[in-house]
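# Structural overview
Chain by chain, the residues run as shown.
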Amino acid sequence: MAVDKKYETPMLDQLETGPWPSFVKEIKAAGEENPMANDLIGLLEQSYTERLGHWKHGGIVGVMGYGGGVIGRYSDLPEKYPAVSHFHTIRVNQPAGWYYTADVLHKLCDIWDKHGSGLTNMHGSTGDMVLLGCTTPDLEPVFSELTELGFDLGGSGSDVRTPSCCCGQSRCEWACYDTMGLTHFITQKFQDELHRPAFPYKMKFKMSGCPNDCVASIARSDISIIGTWRDEIQINQEEVRNYSKNGVNIVKEIAVLCPGKCIDWDGNEIKIDDSSCRHCMHCINVMPKGLAPGKDRGAVVLMGAKAPIVEGALLSSVIIPFMKIEEPYDDMEFWEVIEEMWDVWCDNGKARERIGEFIQRVGLGNFLDEVGLEPVAEMVAHPRDNPYIFYEDYLEEEDEDE
Amino acid sequence: MADAKPQRLTDIGPPHHDRFMPPIIKKNYGKWKYHEIPRPGVLVHTSDSGDKLYTVRAGSPRLLSTKKIRIFADLATKYCGGHLRFTSRHNVEFLLTDAANIDPLIADLDALGHPVGGTGNSITSIVHTQGWVHCHSAATDASGVVKAVMDDVIDEFKTMELPAKLRIALACCLNMCGAVHCSDIAILGIHKRIPQIDLKTLPKLCEIPNLIASCPTNAIRPTTYEGKPSVEIQEDQCMFCANCFTVCPAMPIADPDTDGVSIWIGGKVSNARSEPMFSKLAIPFIPNNPPRWPEVVEAVRMIVDLWKANANKHERVGEWIERIGWPKFFRMSGIPFEKTHIDDFKHAGLTFKRSAHLTY
Ligand code: SF4
Ligand code: SF4
Ligand code: SF4
Ligand code: SF4
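Definitions and cut-offs
Residues numbered from 1 in each chain as written. Chains lettered and ligands numbered in written order. Predicted model: local features only at pLDDT ≥ 70, side-chain atom pairs only at ≥ 80, totals over all residues. Heavy atoms only, no water. Helix = DSSP H or I, 4+ residues; strand = E, 2+ residues; numbered from the N terminus. Buried < 20%, exposed > 50% of the residue type's maximum accessible area, 1.4 Å probe, protein only. Contact = heavy atoms within 4.5 Å. Areas by Shrake-Rupley, 256 points an atom, 1.4 Å probe, with all protein chains shown as cover. Lys, Arg positive; Asp, Glu negative; His and termini not counted. Charge placed at Lys NZ, Arg CZ, Asp CG, Glu CD. Near = heavy atom within 4 Å. Nonpolar A, V, L, I, M, F, W, Y, C, P; charged D, E, K, R; others polar. Polar contact = N/O pair within 3.5 Å; in protein donor to acceptor, adjacent residues only side chain to side chain. Pairing = 2+ DSSP bridges. Buried area = accessible area lost by both parts, 1.4 Å probe. Salt bridge = Lys/Arg side-chain N within 4 Å of Asp/Glu carboxyl O. Axes fitted to C-alpha atoms, helices over the stretch in contact; angles between N-to-C directions. Domains from an automatic or database assignment. pLDDT = per-residue confidence, 0-100.

Scanning chain A from terminus to terminus reveals 15 helices and 16 strands. Taken over the C-alpha atoms alone, chain A extends approximately 70 × 70 × 40 Å along its principal axes. Per-residue burial over chain A gives 60% buried out of 402 residues. If you take every contact in chain A between residues at least 6 apart in sequence, the share linking residues at least 24 apart comes to 66%.

This is the structure:
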């Protein structure tokens, strides 16, 4: 496609200078041949001049049979910038761990050069590869070419959003379970829930291999699966001594900062009282050759994180203090718990109420009752400090009479 | 049938990562023993078998053209058998088995304008959202602010001289697609003017009960306009969250003269040492000043420098401030403390100072 129009962009030009890679250069590079990317430059310059966005509320567009994966986007200046009058986003479910080969990237680029703006996000916040800017008639062709290449769309709207994970055992010695394997499994298991929104609101899974939580699961996902261990930290005393010799102040930098206050260093040997270890990762992070997570590994599951909209931001909180994550994943009881939670949330949640907000509204104790989980002390920072207790003995007696 | 079309594929899910991982990773999957960072931007992972994997990490603006992706792909072909990955913070990583290729790859990346770094105690790429490039909700641009900030702090990307790692994130409205609320420094777009109700189109575009229910503060009240059901906003109850606009396009809230950004600091997601925590409000408002948002850049730089000069080793921004106390932070930074810093949403009382533990 030829690009005939050229825009003057004095504002954006200033963002082509400076040492950090420039997104303006990327849009302009695409705009040399692609009229959509070229018109985006014009529209964006206008936004910079006016300090105002020019995108309208998304409309409902998508590929046949799917309710998610495409976010409709239209410009409010279609006459002036016709090539971006439709500029829909396509979310492409990334391979777990964001691994690619040169070959597959070229093929993905071929599809996108043929049908879209030539612009992407590598990657979007949830984890998808984001293809920015597609017209409505091109959606189906893009989809069919993507599936031929073995790719599928990600989630959007009130569905299971594209699960994502840290690189886990593929490259990290701290991964306490196979985050990528589990992520691929979850994504495949919930394909229907991912493509066809049927929940009160979005439902995100994020998998981190250890409490360093590199994918921010505790802040960004409804279901946060964080690797951990429950036996002793593995110690290589010789390597610990080497760190000490090479300038790590083990008392000041490690023992004092240990939240369990369970590390003792006598100048020669490190001792850890593992029964008080909080599994925070700090000592291991500082001395990766000297210390390692234990051998009895699994994950803690936390639930309910979200950004502020609607009722305020939440961090996930503990729902299962420890579970083993081993193949065959399909045999894990966890899926029954998840589906039970979804049932309770779908039956009782309000529109646009995330599961974390739902739990806040009905109370964690009541939620546990509904899904059939036992309350355990690991679920709270501390027990309640107010006496307004809904004792249920009376209710239960009545139930028994029936 | 001779002209039968191939069946339309659906619900196939993403390709399995086995298709893309380099042989050295397949071989050593789950067997990595330890890692080292020999220089900024380079990781060496050693496995039980003694194999070594060299990762070279380069910064990226997240918004990439297919042209650039193809160049990355070709670099991967040239230096590492065509294998690469991206990180959750938009960096690109090349996965090498031959240490001799590290320097030439870094030279090529530098020439391409993609700096190598973002490892260890550094500032890595800024997680961010779409802004004016692609979203209807934006109170500020995303990519432009990120570019201006990273241009300024790039030395902290290319070195590892900070007390701990520093994570910056930007979201261009309260929807926070980038969930910035647990970052060392969060830049958050905010609106400050109530939605301008488009009374004419509202009945056609929106379901009034849904619209009323969408407001967290019950600021939206039913009324009638030209005899038809409509809504009005209790101005003093509106906190500019734009939730109503999300469910109803006839409630536009963006306004060039009052939109801008706020800066929140001291959040973290890692469990290391202290528990994960939210970022807290440092600077309530900075007007949008494109194309380079100099006031935002300066504010970020000031906070980074102050932390760098005063924090103990391993102390994230939030841990440093918890140690010295917020009043001391406000005194040291010179940021004026205002009414807006005091929480007045749910459970606000828990954020009041309930002890005599003060610094003077
Ligand atoms: S979360 Fe833990 S296991 Fe995963 S990449 Fe980060 S440090 Fe490694
Ligand atoms: S992991 Fe954390 S809590 Fe456990 S011993 Fe190490 S520093 Fe202490
Ligand atoms: S944070 Fe808000 S404005 Fe930015 S991309 Fe997300 S919804 Fe759009
Ligand atoms: S912006 Fe938020 S607080 Fe204001 S009227 Fe809309 S929903 Fe209510």
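The subject of this paragraph is the overall build of chain B. Each helix and strand counted, chain B has 10 helices and 12 strands in total. Relative to its 360 residues, chain B shows a buried fraction of 57%. A sequence separation of at least 24 residues applies to 64% of the contacts in chain B between residues at least 6 apart. Split by element, the accessible area of chain B, about 15,000 Å² in all, is 54% carbon and sulfur. Looking at chain B, you have 42 positive and 38 negative side-chain charges, and the mean spots of the two groups are 4 Å apart.

With that settled, consider the site of ligand 4. Near ligand 4 there are 13 residues, and of these C215, C238, C241, A242 and C244 of chain B occur at the shortest range. In the shell around ligand 4, the residues fall into 11 nonpolar, 2 polar and no charged.

Here we take up helix α2 (residues 23-31) of chain A. For α2 of chain A, a buried count of 7 out of 9 residues is recorded, marking the element as mostly surrounded by other parts of the structure. Of the residues making up α2 of chain A, those classed as buried are F23, V24, E26, I27, A29, A30 and G31 of chain A. Of the surrounding elements, those touching the buried residues of α2 of chain A are α1 (10-13), α3 (35-50) and β6 (116-122) of chain A together with β4 (63-65), α2 (66-80) and α4 (143-158) of chain B. The N-terminus of α2 of chain A is capped by S22 of chain A, whose side-chain oxygen sits 3.1 Å from the backbone nitrogen of V24 of chain A.

Residues in a regular strand project their side chains so that they alternate between the two faces of the sheet. All names here are of chain A. Of all the 5 residues making up strand β4 (residues 88-92), 5 are buried; the element is thus mostly covered by neighbouring parts of the structure. Residues H88, I90 and V92 point to one face of β4 and T89 and R91 to the other, with burial holding for every one of them. Both β4 and strand β7 (residues 129-134) contribute to a ladder of 5 bridges, which runs antiparallel. Each bridged residue has a counterpart across the sheet, and for T89 the counterpart in β7 is L132.

With that settled, the discussion passes to the site of ligand 2. Around ligand 2, the surrounding shell holds 13 residues, and the nearest of these are C258, C277, R278, C280 and C283 of chain A. When its residues are assigned to classes, the shell around ligand 2 shows 10 nonpolar, 2 polar and 1 charged.

Attention now moves to the interface of chain A and chain B. With 116 residues of chain A at the contact, the number on the chain B side is 112 residues. Taken over both partners, the interface formed by chain A and chain B buries close to 9,900 Å², and the fraction arising from carbon and sulfur atoms is 60%. Taken as a group, W20, R51 and R171 of chain A account for 10% of the area that chain A buries against chain B, more than any other trio of residues on that side. At the boundary of chain A and chain B, one finds 12 salt bridges. Close ionic contact of E26 of chain A with K68 of chain B constitutes a salt bridge, the shortest N to O distance being 2.5 Å. Inspection of the region where chain A meets chain B yields 67 residue pairs in polar contact (both at pLDDT 80 or more). It is helix α4 (residues 102-115) of chain A that provides the largest number of residues to the side of chain A that touches chain B, a total of 8 residues. Tallied by class, the residues present in the side of chain A that touches chain B amount to 57 nonpolar, 35 polar and 24 charged.

With that settled, the discussion passes to the sheet that holds strand β8 (residues 185-190) of chain B. All names here are of chain B. Here 4 strands make up an open sheet; going across it, the order is β7-β8-β11-β12 and the pairing mixed. In this open sheet, the two edge strands, each paired with only one partner strand, are β7 (168-171) and β12 (280-287). Each neighbouring strand pair of the sheet contributes to a mean axis angle of 20°, computed without reference to strand direction. Sheet topology places strand β11 (residues 260-265) next to β12; 5 bridges connect them, and they run antiparallel. Each bridged residue has a counterpart across the sheet, and for V261 the counterpart in β12 is I286.

This next bit is on the sheet that holds β4 of chain A. The sheet built from 5 strands is open, its strands ordered β2(A)-β4(A)-β7(A)-β6(A)-β4(B) with antiparallel pairing. Here the strands that pair on one side only, and so sit at the sheet edges, are β2 (70-71) of chain A together with β4 of chain B. Pairing of β2 of chain A with β4 of chain A, which is carried by 2 bridges, proceeds in the antiparallel orientation. Across the sheet, the residue bridging to V70 of chain A is I90 of chain A, located in β4 of chain A. On the sheet, α3 of chain A packs against β6 and β7 of chain A and is oriented at approximately 70° with respect to β6 of chain A.

What follows is about the environment of T179 of chain A. All names here are of chain A. With respect to the element layout, T179 can be found in helix α6 (residues 179-189). For the pair T179 and T49, spaced 130 residues apart in the sequence, the C-alpha separation amounts to 45 Å. Leave out the neighbours within four places in its chain, and T179 touches C165, C166, C167, G168, M207, S208 and G209.

This model, assessed by the stated rule, comprises 40 salt bridges over all chains. Across the salt bridge formed by D113 of chain A and R70 of chain B, the nearest N and O atoms sit 2.7 Å from each other. One end of the pair, D113 of chain A, is in helix α4; the other, R70 of chain B, is in helix α2, on a second chain. Its salt-bridge partner being D108 of chain B, residue K78 of chain B comes within 2.9 Å of it at the nearest N-O pair.

Taken as a whole, chain A is organised into domain 1 (10-149), domain 2 (164-228 + 299-379) and domain 3 (234-292). A straight line from the C-alpha centre of domain 1 of chain A to that of domain 3 of chain A covers 48 Å.

Our next topic: the confidence of the model for chain B. This prediction gives chain B a mean pLDDT of 95; 98% of its residues lie at or above 70. Quick note on the complex model: pTM equals 0.96, ipTM equals 0.95.

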